Amino acid sequence: MLVGRFNHCLAYEWPMSACDLYFISGSPPCWTVMLALEFKGVAYTPRRLDNAKREQKSPEFLKINPRGQVPVLVHEGNTVCETLAILAYLDGIAPEPALFGRSPAETAQIWQIISECDGNLRNPVGDISRPLFRGKGEAFREQIVEAATCVRDELALLDARVASGPWFAGDTASAADFVAFPVVMQLCRASAREEAAPLELGVYPLGAHTPNLDKWAKRIEAIEGYGNAYPPHWK
Ligand SMILES: N[C@@H](CCC(=O)N[C@@H](CS)C(=O)NCC(=O)O)C(=O)O
């Protein structure tokens, strides 16, 4: 039986473990949940679905999540879909370290950053990274350059937030850090591609444009278990 914190199992290998996480490699929301699981030290079995084979739309998986999307956590018979719902659930089953703060001010700050990230950063980063990952940077130049304007503004705000403290809220990592980090990494991975250079996006490397954010990213990378959460196909 392959049950354990560090095993990557076939998606429907039987028996299921006490805590299964269905994920697609490189998906920022899945990475967010995996970072949170590692941070809390919750044992789980990562069950990777192959996006190329559309495994998330298979009849077996649609029984788990009729929307056919990941991440999905199945813990002791409870099926939880949606990243933020999963993070809230994790705080319920393993309260420490808390993902949503220890004071009203911290909680508010964390939700503000999550909302800003989801509302202002995630989509423009997708507009940049999708074409670049498909080798279509030049064809989508206008879209990419326009999205980069928003992204630079958002990264500058995030950079300012970690200028005076190690994390976005409070003195430990939180849901805000785990939501933002994979989006920033997706941007970096796309912007590091050779064909991004002539587009002069002004975001990569982080250290050259947003040095505080660069240090923050290195702090996340130093979290125990970080390597287990890292997208397998990026290794
Ligand atoms: N709001 C959802 C978004 C989930 C989502 O968009 N998942 C993508 C991966 S990043 C997915 O499952 N895509 C496959 C598909 O839609 O077929 C969440 O945060 O959980």
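Note that the structure is a prediction, hence the values are computed from the model and not measured. (Residues numbered from 1 in each chain as written. Predicted model: local features only at pLDDT ≥ 70, side-chain atom pairs only at ≥ 80, totals over all residues. Heavy atoms only, no water.)

## So, the domain arrangement of the chain
Domain annotation for the chain reports domain 1 (9–93) and domain 2 (104–228). A straight line from the C-alpha centre of domain 1 to that of domain 2 covers 23 Å. With 12 residues of domain 1 in contact, the opposing surface of domain 2 contributes 20 residues. Contact between domain 1 and domain 2 buries roughly 1200 Å² in total, counting both sides, with carbon and sulfur atoms accounting for 76%. On the domain 1 side of the interface with domain 2, the three residues burying the most area are Trp31, Leu35 and Phe39, jointly 43% of the side's total. The tally of links from domain 1 across to domain 2 stands at zero salt bridges. When residues in the side of domain 1 that touches domain 2 are grouped by element, the largest group, nine residues, is from helix α1 (residues 28–40). Each residue belonging to the side of domain 1 that touches domain 2 can be placed in one class, and the counts come to 10 nonpolar, one polar and one charged. (Domains from an automatic or database assignment. Contact = heavy atoms within 4.5 Å. Buried area = accessible area lost by both parts, 1.4 Å probe. Salt bridge = Lys/Arg side-chain N within 4 Å of Asp/Glu carboxyl O. Helix = DSSP H or I, 4+ residues; strand = E, 2+ residues; numbered from the N terminus. Nonpolar A, V, L, I, M, F, W, Y, C, P; charged D, E, K, R; others polar.)

## With respect to the site of the ligand
The immediate surroundings of the ligand are formed by Ser27, Pro29, Arg54, Gln56, Lys57, Gly68, Gln69, Val70, Pro71, Glu82 and Thr83. Between an oxygen atom of the ligand and a side-chain N or O atom of lysine 57, the distance comes to 3.1 Å. Contacts to the ligand include glutamate 82, whose side-chain N or O atom sits 2.7 Å from a nitrogen atom. Here the ligand, which alone exposes 520 Å², has 71% of that area covered by the protein. (Near = heavy atom within 4 Å. Polar contact = N/O pair within 3.5 Å; in protein donor to acceptor, adjacent residues only side chain to side chain. Areas by Shrake-Rupley, 256 points an atom, 1.4 Å probe, with all protein chains shown as cover.)

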